[in-house]
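These are the residues of each chain, in order.
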Amino acid sequence: MSAIDFSDPATVALLTEALTAAGVDGLEISRPGGQLRIVVAGKNGARISSTEATPPAPGFAPGFASAIVKAPMAGHFCVEHPAFATPQDLPRSVSDADIVGFVGVGHILLPLRAGRSGVLTRLLAEPGALVGFGDPLFEIELPS
């Protein structure tokens, strides 16, 4: 039996549809090569932990650090919701609960929350790009 390729968006879409059809709230699979976490949105929406503190990036003012918003699963990276055509300019202020983008698998869009308050300074992935679990997507400048 061959190993399941969790970096394949079609596999993630199939798993997500199966979980939704079965009424399961989510699934987490960990193995040496990585981790896959699927959370099926309920009445309170999906919960995503997708930020990690990092050292200050070059060019930031002293006393500032940055956080990286990472992909919580494999899929296509979207900066805006496809139903809305309003582009979001950078840099812009965000709160920890703000949705800053989406990762899409088929017709399912997983919202990406900033996770930290600060200034969204730059994209780390191209819009529309296929991203994998843990790939960096945005950088947020954090106040000290």
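On a predicted model such as this, the values are computed, not experimentally measured, just so you know.

## Some remarks on unusual backbone geometry
A cis amide bond links Leu 90 with the next residue in sequence, Pro 91, at an omega value of -5°. Counting through the fold element by element, Pro 91 comes out in the loop between β5 (75–78) and β6 (92–94).

## Section: the sheet that holds strand β8 (residues 108–113)
An order of β8-β7-β5-β10 is seen for the four strands of this open sheet, with the pairing classed as antiparallel. Sheet topology places β8 and β10 (130–131) at the edges, where each strand pairs with a single neighbour. Here strand β7 (residues 99–105) runs beside β8; their pairing, made up of six bridges, is antiparallel. Looking across to β8, one finds that Gly 101 is bridged to Leu 112. The sheet strands contacting helix α1 (residues 9–22) are β5, β7, β8 and β10, and the helix crosses β7 at an angle near 95°.

## A closer look at the confidence of the model for the protein chain
Low pLDDT marks stretches whose predicted atomic positions should not be read closely. Summary statistics for the protein chain give a mean pLDDT of 76 and a share of 77% for residues scoring 70 or more. Under a pLDDT of 50 for its full length, residues 44–62 has, in the predicted model, 42 contacts with residues more than four places off or in other chains.

## Comments concerning the pattern of salt bridges
Close approach of charged atoms lets side chains of opposite charge pair. For the structure shown, the criterion picks out one salt bridge. For Glu 139, the salt bridge goes to Arg 122, with nearest N and O atoms at 2.6 Å. In this pair, Glu 139 sits in strand β11 (residues 136–142) while Arg 122 sits in strand β9 (residues 118–123), placing the two residues 17 residues apart along the sequence. Judged by its relative accessible area of 42%, Arg 122 falls in the partly exposed class.

## Overview of the nonpolar core
Phe 77, Leu 112, Leu 137 and Phe 138 are the most contacted members of the largest nonpolar core, which has 26 residues in total. Mapped onto this core, the elements with two or more residues apiece are α1, β2 (34–39), β4 (65–70), β7, β8 and β11. Among the elements that line this core, the one with the most residues is β11, at four residues. Non-local contacts of Phe 138, meaning those with residues more than four positions away in its chain, are made with Ala 67, Ile 68, Val 69, Phe 77, Val 100, Gly 101, Leu 112, Leu 120, Arg 122, Leu 123 and Leu 124.

How each quantity is defined
- Residues numbered from 1 in each chain as written.
- Predicted model: local features only at pLDDT ≥ 70, side-chain atom pairs only at ≥ 80, totals over all residues.
- Heavy atoms only, no water.
- Helix = DSSP H or I, 4+ residues; strand = E, 2+ residues; numbered from the N terminus.
- Pairing = 2+ DSSP bridges.
- Contact = heavy atoms within 4.5 Å.
- Axes fitted to C-alpha atoms, helices over the stretch in contact; angles between N-to-C directions.
- pLDDT = per-residue confidence, 0-100.
- Salt bridge = Lys/Arg side-chain N within 4 Å of Asp/Glu carboxyl O.
- Buried < 20%, exposed > 50% of the residue type's maximum accessible area, 1.4 Å probe, protein only.
- Core = buried A, V, L, I, M, F, W, Y, C linked by side-chain atoms within 4.5 Å.

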